[in-house]
Amino acid sequence: MLLFVGLGNPGAKYARNRHNIGFAVVDEIARRHGFAPWRRRFQGETSEGALDGARLILLKPTTYMNESGRSVQEAANFFKLGAGDITVFQDELELPPAKVRVKVGGGIAGHNGLRSLTSHIGNDYRRVRLGIGHPGVKELVHAYVLSDFAKSDMPWVEGLCAAVADNAALLATGHDASFQNKVHLALQGKGFFAPRDEDGGA
């Protein structure tokens, strides 16, 4: 049993925010792989299914970003999961748009969702960092993450969600480097990265 958590804020007001790309990714995983309908529990919404034989729970906390850890802890306790069984999909300011990096542990870099998770379940969960770019000035970060993606961003946002969903079985079976590389190649194939973009490999 694995827990895949998308981070975001609940409600239509936030649905297209940069901060909600984690929600968008787990929605796409559920859709592409025919997971069960979403239902409310664990202070969030869950959908269940399987990828390459691995049983999976998808979770979208509805506690608002800053309290995400309460929802994740409740689900983890119910299924008797440790931090090593949990993968979190998060927006990442420090990566260019559409870049993806996977790592276990590490800092929280001011991300309030990660801060809440770490305070509730420890730091040893896996993060799938989904690049949204940086506004360039620290003072603009709050407004930037809580504003909607621009219309011109939607092709790469939709391409990223599709590529992550298509390759999610690699995450479920522990092939993090292959997952990262295949997502990059899929986005490169759609023209979002130059072929010689050295920052995009596994």
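Residues numbered from 1 in each chain as written. Predicted model: local features only at pLDDT ≥ 70, side-chain atom pairs only at ≥ 80, totals over all residues. Heavy atoms only, no water.

K.L.:
Mind showing me how you'd approach the layout of surface pockets here?
P.N.:
Take a probe with the size of a water molecule and roll it over the atoms, and the empty space left behind shows itself. Of the pockets and cavities examined, the largest pocket occupies roughly 430 Å³. Lining the largest pocket are 21 residues, and of these His19, Gly110, His111, Asn112 and Val145 lie nearest its centre. At the level of elements, β5 (86–92) and α4 (141–145) are the ones that each hand at least two residues to the lining of the largest pocket. Of the residues belonging to the lining of the largest pocket, the class tally is eight nonpolar, nine polar and four charged. Roughly 190 Å³ of internal volume is contained in the second largest pocket. Along the walls of the second largest pocket sit Ala15, Arg16, Asn17, Asn20, Ile21, Ala24, Glu28, Phe149, Met154, Val157, Glu158 and Cys161, which together make up its complete lining. For the lining of the second largest pocket, the secondary structure elements donating two or more residues are α1 (21–32) and α5 (154–166). Here the element with the most residues in the lining of the second largest pocket is α5; it accounts for four residues. Of the residues in the lining of the second largest pocket, the class split is seven nonpolar, two polar and three charged. (1 Å grid on protein atoms, 1.4 Å probe; cavity = no way out; pocket = protein on both sides within 12 Å on 5 of 7 lines; lining within 4 Å. Points joined across faces, edges and corners; volume = space filled by probe spheres on them. Helix = DSSP H or I, 4+ residues; strand = E, 2+ residues; numbered from the N terminus. Nonpolar A, V, L, I, M, F, W, Y, C, P; charged D, E, K, R; others polar.)

K.L.:
Before we go on, may I ask you to explain the pattern of salt bridges in this structure?
P.N.:
Two side chains of opposite charge can pair, provided their charged atoms sit close to one another. Under the defined criterion, the tally for this structure stands at 13 salt bridges. Of the charged contacts, one joins Arg55 and Glu48 as a salt bridge, the two residues approaching to 3.0 Å between their closest N and O atoms. For Glu48, a relative accessible area of 24% translates into the label partly exposed. Sharing partners across several salt bridges, the network here consists of Asp27, Arg40, Glu45 and Lys60. (Salt bridge = Lys/Arg side-chain N within 4 Å of Asp/Glu carboxyl O. Buried < 20%, exposed > 50% of the residue type's maximum accessible area, 1.4 Å probe, protein only.)

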